[in-house]
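Structural overview
Given next are the chains, with one letter for each unit.
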Amino acid sequence: MDEARRTAKAKLGNEKEHQVFIETGFNMDEYIERVCNVLHPHQPAGGKCPHCHKHTVTVNLVQTRSGDEGMTAIAACESCERTWTAN
Ligand SMILES: [Zn+2]
């Protein structure tokens, strides 16, 4: 949780991160989804897949190998099972 918040703060800024944190009521899954939505508003959960054009895209934050680099947003399509970096 602390690591995720640190990454979110670096990307969103302290104020915005705090707002999301409060609004999601300390629910980690919802928190990450909200952070993703703020960072990638063009590709929210249920977004359109650029490959098969179905609205089955989910975006997840994954920890990169080196903790220093924080997290990367990975988009995945449940229909065609493609994944790509949502940066
Ligand atoms: Zn697809």
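What this report covers is the structure whose coordinates are included nearby. Every chain begins its residue count from 1, and numbering advances along the sequence as written. Selection of residues for local features in this predicted model requires a pLDDT of at least 70, selection of side-chain atom pairs for listing and counting requires 80 or more, and totals for whole chains, interfaces and linings are taken over all residues.

Contact pair helix α1 (residues 2–12) / helix α2 (residues 14–23): the axes reach a minimum separation of 7 Å and the direction vectors enclose 130°. Accordingly, the angle class assigned to the pair α1 and α2 is oblique. Every pair of crossing elements has a handedness; the one defined by α1 and α2 is right-handed. When α1 is examined against α2, the residues Arg5, Ala8, Lys9 and Leu12 are found in contact with a partner set consisting of Asn14, Lys16, Glu17 and Phe21. Think of it as three bins: nonpolar holds Ala, Val, Leu, Ile, Met, Phe, Trp, Tyr, Cys and Pro, charged holds Asp, Glu, Lys and Arg, and polar takes everything else, Gly as well. Here the residues of the contact of α1 with α2 are counted per class, giving three nonpolar, one polar and four charged. Simply put, an axis is a line fit to the C-alpha atoms, just over the touching stretch for a helix, and the angle between two N-to-C directions goes from 0 to 180 degrees. In DSSP terms, a helix is any run of H or I states spanning at least four residues, a strand is any run of E spanning at least two, and both are numbered starting from the N terminus. To sort the angles, those under 35 degrees are grouped as roughly parallel, those over 145 as roughly antiparallel, those from 65 to 115 as roughly perpendicular, and the leftovers as oblique. Rotating anticlockwise by less than a right angle from the far helix to the near helix defines a left-handed crossing, while the corresponding clockwise rotation defines a right-handed one. Any residue pair is listed as a contact if its two C-beta atoms, each placed from the backbone, are within 7 Å.

So, on to the pairing of strand β2 (residues 71–77). Pairing geometry for strand β1 (residues 57–63) and β2, over seven bridges, is antiparallel. Bridged to Gln63 within β2 is Met71. Counting the residues between successive antiparallel strands, the hairpin from β2 to strand β3 (residues 83–85) contains five residues, one of them, Glu81, with a positive phi of roughly 65°. When DSSP finds at least two bridges between two strands, those strands are taken to pair.

Within the largest apolar cluster, nine residues are counted, these being Ala8, Tyr31, Ile32, Val35, Cys36, Val57, Val59, Ala75 and Cys77. Within the residue set of this core, elements represented by two or more residues are α3 (28–39), β1 and β2. Broken down by element, the residue count for this core peaks at four residues, all from α3. If we skip the residues at most four places from it in the chain, Ala8 touches Glu17 and Val35. Any nonpolar core is a set of buried residues, restricted to Ala, Val, Leu, Ile, Met, Phe, Trp, Tyr and Cys, that join up through C-beta atoms within 7 Å. Residue burial is a threshold on neighbouring C-beta atoms within 10 Å of the residue's own C-beta, all placed from the backbone, with 20 or more meaning buried, 12 or fewer meaning exposed, and counts in between meaning partly exposed.

None of the figures reported here should be taken as evidence of function without further support.
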